[in-house]
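A look at the structure
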Amino acid sequence: MRGIVLAGGHGTRLHPLTLSVSKQLLPVNDKPLIYYPLSVLMLAGIRDITVISTPTDLPQLRRLLGNGAHLGLNIDYVSQSHPGGLAEAFILASDQIGDGPVALVLGDNVFHGHNFYEILQSHARDDIDGCVLFGYPVEDPHRYGVGETDDEGRLVSLEEKPANPRSNRAIVGLYFYDNDVVDIAKNLRPSPRGELEITDVNLEYVRRGKARLVDLGRGFAWLDAGTPSSLLAAGQYVQVLEERQGVRIACVEEVALRMGFIDSETCYRLGARQSSSAYGAYVRTIAQELADTPVSAR
């Protein structure tokens, strides 16, 4: 399965913060925002990843992530010169996707919760038939795309910002698709705002009877860090958990080690390169703790 991190747009909701730096490089506590969606794809077992962003922001993201080899990944980059909608990602990255399935995660979304690894592993499958979306209970569903399911978890309706929501389950910024998504995206008509909408892609799968909604449920955190207040809230959430539990959320070096993408020695070297920071010290500690631990036991 190919993974896509959609890190496009100009971050206008965050101006003036993003006038000189990519939104995905802004800090969420102790690490750049893009580490959070990247770690989601890694936890799903995905190693081939395409980052889509603007021509201005791509050089900054390349400097941070490189080709991904240090994390056991294969990262490439695709330019999106103008905002064309979320569904345009499948057209822009069609060569990279090839004839396999694809996962899309939005570059400003933060996910954290119990059993998230197991959820990702059970649905990020090469034999996926249709699409798998993820629902999160919200108090104000009229602000979101909202999904309604039957008793077996199949999506039977999907509405964007409905006046009278049929459920309280908002569709979050993480999507798994079979390869049909490329042709579906290519045959979409732009919406009134001139973009290819991800909701229209998902509605096509609903019409085919091949859309499922997985509930993330209570005790899970989903944060859209696309505004100053939500970026601050995400940072505060991560800070509290990290300080109380002594772990680091979305530490990509640790995720790479626990997933078996790199070995302990490589992980330790990555931490040593950041020797002056608490983050680097944490990476080195994790590398030492897991040095003799089989991947299956992590």
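Residues numbered from 1 in each chain as written. Predicted model: local features only at pLDDT ≥ 70, side-chain atom pairs only at ≥ 80, totals over all residues. Heavy atoms only, no water.

Under an unreviewed UniProt entry, the name given to the chain is Glucose-1-phosphate thymidylyltransferase, and the organism recorded is Streptomyces sedi. Of the chain, the UniProt comment under Cofactor (unreviewed entry) reads exactly: "Mg(2+)". (UniProt positions renumbered as here; feature names shortened; annotations may be inferred.)

1. Details of the domain arrangement of the chain
Each domain of the chain was delimited in the assignment, giving domain 1 (2-262) and domain 2 (263-297). Spacing between the C-alpha centres of domain 1 and domain 2 amounts to 27 Å. The interface is formed by 17 residues belonging to domain 1 together with 14 residues belonging to domain 2. If you sort the residues of domain 1 by the area they bury against domain 2, R248, E253 and L257 come out on top, with a joint share of 43%. At the surface where domain 1 touches domain 2, the tally comes to 0 salt bridges. The interface formed by domain 1 and domain 2 includes 4 residue pairs in polar contact (both at pLDDT 80 or more). Looking at the side of domain 1 that touches domain 2, the element that brings in the most residues is helix α9 (residues 252-258), giving 5 residues. For the side of domain 1 that touches domain 2, the per-class residue count stands at 8 nonpolar, 3 polar and 6 charged. (Domains from an automatic or database assignment. Contact = heavy atoms within 4.5 Å. Buried area = accessible area lost by both parts, 1.4 Å probe. Salt bridge = Lys/Arg side-chain N within 4 Å of Asp/Glu carboxyl O. Polar contact = N/O pair within 3.5 Å; in protein donor to acceptor, adjacent residues only side chain to side chain. Helix = DSSP H or I, 4+ residues; strand = E, 2+ residues; numbered from the N terminus. Nonpolar A, V, L, I, M, F, W, Y, C, P; charged D, E, K, R; others polar.)

2. Notes on unusual backbone geometry
At the junction of H15 and P16, the peptide bond is cis and its omega measures out at 5 degrees in the coordinates. Structurally, P16 can be placed in the loop between β1 (2-6) and β2 (27-28). Phi at K161 takes a positive value of approximately 50 degrees, unusual for a residue other than glycine. One can find K161 in the loop between β10 (155-160) and β11 (169-177). On the basis of relative accessibility, which here comes to 55%, the residue K161 falls in the exposed class. Within the chain, A250 stands out as a residue other than glycine whose phi angle is a positive 60 degrees. Among the secondary structure elements, A250 is positioned in the loop between α8 (228-245) and α9. Judged by its relative accessible area of 9%, A250 is buried. (Buried < 20%, exposed > 50% of the residue type's maximum accessible area, 1.4 Å probe, protein only.)

3. A short note on the UniProt feature "domain: Nucleotidyl transferase" (unreviewed entry) in the chain
Under the feature "domain: Nucleotidyl transferase" (unreviewed entry), the UniProt entry names residues 3-236. Here residues 3-236 is 26% helix and 29% strand, with 28 Å between the C-alpha atoms at its ends.

4. Here's the deal with the side chain of Q60
Mapped onto the elements of the fold, Q60 is located in helix α2 (residues 58-65). For Q60, a relative accessible area of 14% gives the class buried. Within the structure, the side chain of Q60 is placed 3.2 Å from the backbone nitrogen of S22, a separation counted as a polar contact. Contact partners of Q60, with chain neighbours within four places excluded, come to S20, V21, S22 and L25.

5. A few points about the side chain of S230
Residue placement: S230 occurs in helix α8. At 2.8 Å, the side chain of S230 forms a polar contact with the backbone oxygen of D224. Only 2.8 Å separates the side chain of S230 from the side chain of T227, close enough to count as a polar contact.

6. A look at helix α5 (residues 116-123)
Regarding α5, the residues found buried are F116, I119 and L120. Down the axis of α5, the sector holding all buried residues measures 95 degrees, keeping them to one side. Elements in contact with the buried residues of α5: α1 (35-43), β7 (109-113), β8 (131-137), β11, β12 (211-215) and β13 (220-224). (Arc of directions from axis to C-beta.)

7. Looking at the pattern of salt bridges
Tallying each qualifying case throughout the model produces 20 salt bridges. With a closest N to O distance of 3.0 Å, D108 and K23 form a salt bridge. Here D108 is found in the loop between β6 (102-106) and β7, whereas its partner K23 is found in the loop between β1 and β2, with 85 residues between them in sequence. When its relative accessible area of 11% is taken as the criterion, K23 is described as buried. Here the residues in one salt-bridge network are D30, K31, E242 and R248, joined through shared partners.

8. Comments concerning the packing of aromatic side chains
Inspection of the entire model under this criterion finds 8 aromatic pairs. With a centroid separation of 5.7 Å and 70 degrees between ring planes, the pair formed by Y136 and W222 is classed as edge-to-face. Of this pair, Y136 sits in strand β8 while W222 sits in strand β13, placing them 86 residues apart in sequence. For Y136, a relative accessible area of 16% corresponds to the buried category. Its relative accessible area of 12% is what places W222 among the buried residues. In textbook terms, an aromatic cluster arises when at least three aromatic residues are bridged by ring pairs, as seen for F90, Y175, Y177 and Y205. (Phe/Tyr/Trp six-rings, centres within 6.5 Å; stacked < 30°, edge-to-face > 60°.)

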